[in-house]
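Chain by chain, the residues run as shown.
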Amino acid sequence: MAGAPQLQPKISSPTPGQPLVGIIMGSTSDWETMQHAAQTLDGLGISYEKRVISAHRSPKLMYDWGTSARDRGLQVVIAGAGGAAHLAGVAAALTPLPVLGVPMESAALKGLDSLLSMVQMPGGIPVATFAIGKPGAVNAALFAAAILALADAGIKRALDDYRTNQAKKIEDAKLP
Ligand code: RP5
C-alpha cells in the first residue's frame with residue numbers, strides 16, 4: 001500500500017561470512033575452555049574469528065588486532081586469559097567494542113587469580129567478566145549473541161530458540 005513503510009528486519013551482517021565476534025585467548029592452552037564459546041556461537045549460526053594473542057608475549061599483534069577490530073567489522077570481542085589475565089583489559093583499551101572476559105581456571109589458584117585480575121578494571125575501560133572456565137565461555141558467547149540480537153532479527157530468533165530448547169530439556173527431564 002502506498003505510504004505504508006515496509007519494516008525490514010535490520011541485519012547487522014550484510015556480508016555473508018563476515019565475522020561479527022572476535023574470540024581471542026592468551027595461549028593455545030586456553031582453547032580447551034574457549035572452544036565452548038566457539039561451539040556456542042556455531043550453534044547460534046554466528047560468525048566469528050578466533051586467534052591466540054598474548055598481551056605480554058605478542059604486544060605488537062595485540063595492538064594491531066585491537067586497533068583494527070572495529071574497522072574489520074567485528075562487533076563484540078570475547079577474550080579468555082588466565083593468571084595475570086590482562087588480555088581482556090588491554091583489548092578493551094584498544095577498541096571501543098564491548099569486551100567480554102572469560103577467566104581461565106589456572107592450575108595455581110583455580111582461576112581466582114584470573115577472575116580478580118579480569119574483573120577489577122579501574123573505572124573508565126570496562127570489561128564484562130564472566131564465570132571461571134567453561135560456564136563463562138558459554139555465557140560470554142550467549143551474551144555476545146544477546147548484544148548482536150538487538151540489531152539482528154536472525155540472531156534474535158536463534159537465541160529465542162536456544163532458550164526454548166534449554167527450557168524444554170529441563171521440563172522433560174526424568175530422574176532415575
Ligand atoms: C596466559 O597465561 C594465558 O591466557 C594462559 O591462560 C596462561 C598460561 O599460558 P601458557 O603458559 O599455557 O602458554 O597468558
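Rules used in this analysis
- Residues numbered from 1 in each chain as written.
- Predicted model: local features only at pLDDT ≥ 70, side-chain atom pairs only at ≥ 80, totals over all residues.
- Heavy atoms only, no water.
- Helix = DSSP H or I, 4+ residues; strand = E, 2+ residues; numbered from the N terminus.
- Buried < 20%, exposed > 50% of the residue type's maximum accessible area, 1.4 Å probe, protein only.
- Contact = heavy atoms within 4.5 Å.
- Areas by Shrake-Rupley, 256 points an atom, 1.4 Å probe, with all protein chains shown as cover.
- Near = heavy atom within 4 Å.
- Polar contact = N/O pair within 3.5 Å; in protein donor to acceptor, adjacent residues only side chain to side chain.
- Nonpolar A, V, L, I, M, F, W, Y, C, P; charged D, E, K, R; others polar.
- pLDDT = per-residue confidence, 0-100.
- Pairing = 2+ DSSP bridges.
- Right-handed = clockwise from strand over helix to strand, strands pointing away.
- Patch = residues over 30% accessible without salt bridge, like charges linked within 9 Å, V, L, I, M, F, W, Y side chains within 5 Å.
- Salt bridge = Lys/Arg side-chain N within 4 Å of Asp/Glu carboxyl O.
- Core = buried A, V, L, I, M, F, W, Y, C linked by side-chain atoms within 4.5 Å.

1. Some thoughts on the overall build of the chain
Phase 1: Of regular secondary structure, the chain possesses six helices and five strands.
Phase 2: The linear arrangement of helices and strands in the chain, starting from the amino end, is β-α-β-α-β-α-β-α-β-α-α.
Phase 3: The principal-axis extent of the C-alpha atoms belonging to the chain is close to 65 × 55 × 30 Å.
Phase 4: For the chain, the residues scored as buried account for 41% of the 176 residues in total.
Phase 5: Considering only contacts within the chain whose residues lie at least 6 apart along the sequence, 67% involve residues at least 24 apart.
Phase 6: Summing over all exposed atoms, the chain offers an accessible surface of approximately 10000 Å²; the carbon and sulfur share of this is 59%.

2. Brief notes about the environment of L44
Phase 1: The residue L44 is located in helix α1 (residues 31-44) in this model.
Phase 2: The spacing of L44 and K169 is 125 residues in sequence and 17 Å in space, taken between C-alpha atoms.
Phase 3: Leave out the neighbours within four places in its chain, and L44 touches L142, A145, A158, L159 and Y162.

3. Some thoughts on the site of the ligand
Phase 1: Taken together, the neighbourhood of the ligand is formed by G26, S27, S29, D30, H56, R57, A81, G82 and M104.
Phase 2: In the environment of the ligand, an oxygen atom lies 3.1 Å from a nitrogen or oxygen atom belonging to the backbone of G82.
Phase 3: Burial of the ligand by the protein amounts to 67% of the accessible area it has alone, namely 360 Å².
Phase 4: Of the residues in the shell around the ligand, the class split is two nonpolar, five polar and two charged.

4. Brief notes about the confidence of the model for the chain
Phase 1: When pLDDT is averaged along the chain, the result is 93, and 91% of the positions lie at 70 or above.
Phase 2: A low-confidence stretch, residues 1-14 (pLDDT under 50), is modelled with 13 contacts involving residues beyond four sequence positions or located in other chains.

5. Here's the deal with the pairing of strand β3 (residues 76-81)
Phase 1: Across the six residues of β3, six count as buried, placing the element largely inside the fold.
Phase 2: Because side chains alternate across β3, one face comprises the buried residues V76, I78 and G80, and the other comprises V77, A79 and A81, equally buried.
Phase 3: Of the strand pairs in this sheet, strand β1 (residues 21-25) and β3 are connected by five bridges, and their pairing is parallel. When the sheet's bridge partners are listed, V21 is paired in β3 with V76.
Phase 4: The sheet contact formed by β3 and strand β4 (residues 99-103) spans five bridges and is parallel. Bridging across to β4, V77 finds its partner in V99.
Phase 5: Read from β3 through helix α3 (residues 87-94) to β4, the crossover connection turns out right-handed.

6. Structural notes on a nonpolar patch on the surface
Phase 1: On the surface, a nonpolar cluster with roughly 360 Å² of combined accessible area is contributed by L109, L112, L116 and V119.
Phase 2: Its place among the elements puts L112 in helix α4 (residues 112-119).
Phase 3: L112 sits in the partly exposed class, given a relative accessible area of 47%.

7. Overview of the nonpolar core
Phase 1: Core analysis: the biggest nonpolar cluster contains 29 residues, and V21, I23, M34, I46 and I78 have the highest contact counts within it.
Phase 2: Those elements that place two or more of their residues in this core are β1, α1, β3, β4, α5 (134-149) and α6 (153-171).
Phase 3: Among the elements that take part in this core, α5 stands out by supplying nine residues, more than any other.
Phase 4: Among residues more than four places away in sequence, those in contact with M34 are I23, I24, M25, I78, A79, G80, V102, M104 and A137.
Phase 5: Within the second largest apolar cluster, 19 residues are counted, among which are A79, A92, M118 and V127.

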